[in-house]
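Take a look at the letters that make up each chain.
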Amino acid sequence: NLKLRVRFNFDLADGTPAHFAQLLHPKLHDNRELTTRARIVEALKEIKQQEETDEFFDDDQKEMLRDEAAIKSRLKEQPRELDYLIGVAKDFFVDWHRFKGVNVKHLLPALDSALRAKDYSLERLSDILE
């Protein structure tokens, strides 16, 4: 019986969470924006149907209504991307802290809420991940 003992060392660069946040943020932001726009379009369509006009909508709202097909198409192409990206962030969070010797699984619900919150931002993502 041969016993093999493997040891490995690693250096955790302090800037890794901030760098990871910078890489993930544009994708999270775009996907959250797309999801929000899809919800707004549905609400605008309902209002337009009830009022039978869109003359009181501002130009941005009218443009969203015109872009409805494109918005829905993009959302259909990536239906679960937001959940996937949040999962990536959660996996990084757990792994980063595991390498530091800290169990943070109990913080995952709070992380999930923070990533889905209306006041989400790059700064908040960076702070959470560290």
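Refer to the structure printed above.
The sections below set out a description of the structure shown in this document. The shown structure was predicted, so the numbers you read here are calculated from the model rather than taken from an experiment. (Residues numbered from 1 in each chain as written. Predicted model: local features only at pLDDT ≥ 70, side-chain atom pairs only at ≥ 80, totals over all residues. Heavy atoms only, no water.)

Some points on the overall build of the protein
So, point 1. Along its length, the protein carries 6 helices and 0 strands.
So, point 2. The globule rule puts the C-alpha radius of gyration for 130 residues at 14 Å, and the 21 Å found for the protein is more than 25% above it.
So, point 3. C-alpha atoms of the protein, sized along the principal axes, occupy 80 × 35 × 25 Å.
So, point 4. Counting over 130 residues, the protein shows a buried share of 29%.
So, point 5. A sequence separation of at least 24 residues applies to 68% of the contacts in the protein between residues at least 6 apart.
So, point 6. Carbon and sulfur atoms make up 49% of the accessible area of the protein, which totals about 9800 Å². (Helix = DSSP H or I, 4+ residues; strand = E, 2+ residues; numbered from the N terminus. Rg over C-alpha atoms; globule rule 2.2 N^0.38 Å. Buried < 20%, exposed > 50% of the residue type's maximum accessible area, 1.4 Å probe, protein only. Contact = heavy atoms within 4.5 Å. Areas by Shrake-Rupley, 256 points an atom, 1.4 Å probe, with all protein chains shown as cover.)

Topic: helix 1 (residues 16-51)
So, point 1. Between its first and last C-alpha, helix 1 extends 52 Å over 36 residues, near the 52 Å set by a 1.5 Å rise per residue.
So, point 2. Immediately downstream of helix 1, the backbone of E52 shows phi near 60°, a positive value. (Expected span 1.5 Å × (residues − 1).)

Topic: the pattern of salt bridges
So, point 1. Within this structure, the stated rule accounts for 10 salt bridges.
So, point 2. Close ionic contact of E68 with K45 constitutes a salt bridge, the shortest N to O distance being 2.8 Å. You can see E68 sitting in helix 3 (residues 68-77) and its partner K45 sitting in helix 1, a full 23 residues away along the chain.
So, point 3. Two residues, R98 and D95, come together in a salt bridge whose shortest N-O distance is 3.5 Å. One end of the pair, R98, and the other, D95, are both in helix 4 (residues 81-99), 3 residues apart, so they sit about a helical turn from each other.
So, point 4. Among the residues examined, D95 registers a relative accessible area of 35% and is labelled partly exposed.
So, point 5. Taken together, the salt bridges that share partners define one network made up of E42, K45, E68 and K72. (Salt bridge = Lys/Arg side-chain N within 4 Å of Asp/Glu carboxyl O.)

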